[in-house]
Amino acid sequence: MKKLSAFILAMIMSFALVGCETFSQSDKEASAVKVYSFSGQNEVCSVINGVAVIEPGFETMYGGMFRVDEGAFEDMTSYSMTFYISADGENNPILSHSVRYTTGSFELHHQEIGRITGDVFSDSEAAALKQNLYFELETTDKDGKTQKYIIPMEVKEITGT
């Protein structure tokens, strides 16, 4: 009976030690995760609710919502929306999409910007994210006039460091 009690006590202690080690490893992994929110605006449009997640082996960026003042972009034939990080003297696109209408014109409205998952950020881009994330909107109207709007994003880390 004493041997059985000693064996059970040894097993409980072993599981406790293994459990503590596993918990401390998951704490280390969780602390490597960085989550950022971002937004920005100018006189006619804004980007809200953007999110970037950076963790070892997984990165994602959700561009959030694009909002525009009513009537600000009428008679458009094309537009492109691009997020980029200015790092190492270059503007590096992170997420971009373009639309071109060939059968007429349209008015640009509120919309989701999109998302990307994978190897999204280089090491230098991840380091520059908080200070150097920009949104660029380029529009072309039915008369062929092109306008470019660049909005610096206000980026906040929402995970503990």
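Please refer to the structure higher up on the page.
What you are looking at is a predicted structure, and each value in this text was computed from that prediction instead of being measured.

What counts as what
Residues numbered from 1 in each chain as written. Predicted model: local features only at pLDDT ≥ 70, side-chain atom pairs only at ≥ 80, totals over all residues. Heavy atoms only, no water. Helix = DSSP H or I, 4+ residues; strand = E, 2+ residues; numbered from the N terminus. Buried < 20%, exposed > 50% of the residue type's maximum accessible area, 1.4 Å probe, protein only. Contact = heavy atoms within 4.5 Å. Areas by Shrake-Rupley, 256 points an atom, 1.4 Å probe, with all protein chains shown as cover. Salt bridge = Lys/Arg side-chain N within 4 Å of Asp/Glu carboxyl O. Pairing = 2+ DSSP bridges. Axes fitted to C-alpha atoms, helices over the stretch in contact; angles between N-to-C directions.

**Some points on the overall build of the protein**
Argument step 1. Within the protein, the secondary structure is distributed over two helices and eleven strands.
Argument step 2. Starting at the N terminus and walking to the C terminus, you meet the elements of the protein as α-β-β-β-β-β-β-β-β-α-β-β-β.
Argument step 3. Looking at the protein as a whole, 35% of its 161 residues are labelled buried.
Argument step 4. In the protein, 61% of the contacts between residues at least 6 apart in sequence involve partners at least 24 apart.
Argument step 5. Only carbon and sulfur atoms are counted for the fraction: they give 53% of the accessible area of the protein, which is about 10000 Å².

**Re the pattern of salt bridges**
Argument step 1. Throughout the structure, instances matching the rule amount to three salt bridges.
Argument step 2. With a shortest N-O distance of 3.5 Å, Lys156 and Glu154 are connected by a salt bridge.

**What to know about the sheet that holds strand β9 (residues 133–141)**
Argument step 1. Pairing is antiparallel across the open sheet formed by four strands, whose spatial order is β6-β5-β9-β10. Of all strands in the sheet, those bounded by a partner on one side alone are β6 (90–100) and β10 (146–152). This sheet shows a mean twist of 15 degrees between the axes of neighbouring strands, independent of strand direction.
Argument step 2. Relative to β9, strand β5 (residues 76–87) is paired through nine bridges, and the arrangement is antiparallel. Looking across to β9, one finds that Tyr79 is bridged to Thr139.
Argument step 3. Lying over the sheet, helix α2 (residues 123–132) contacts β5, β6 and β9, oriented at roughly 110 degrees with respect to β5.

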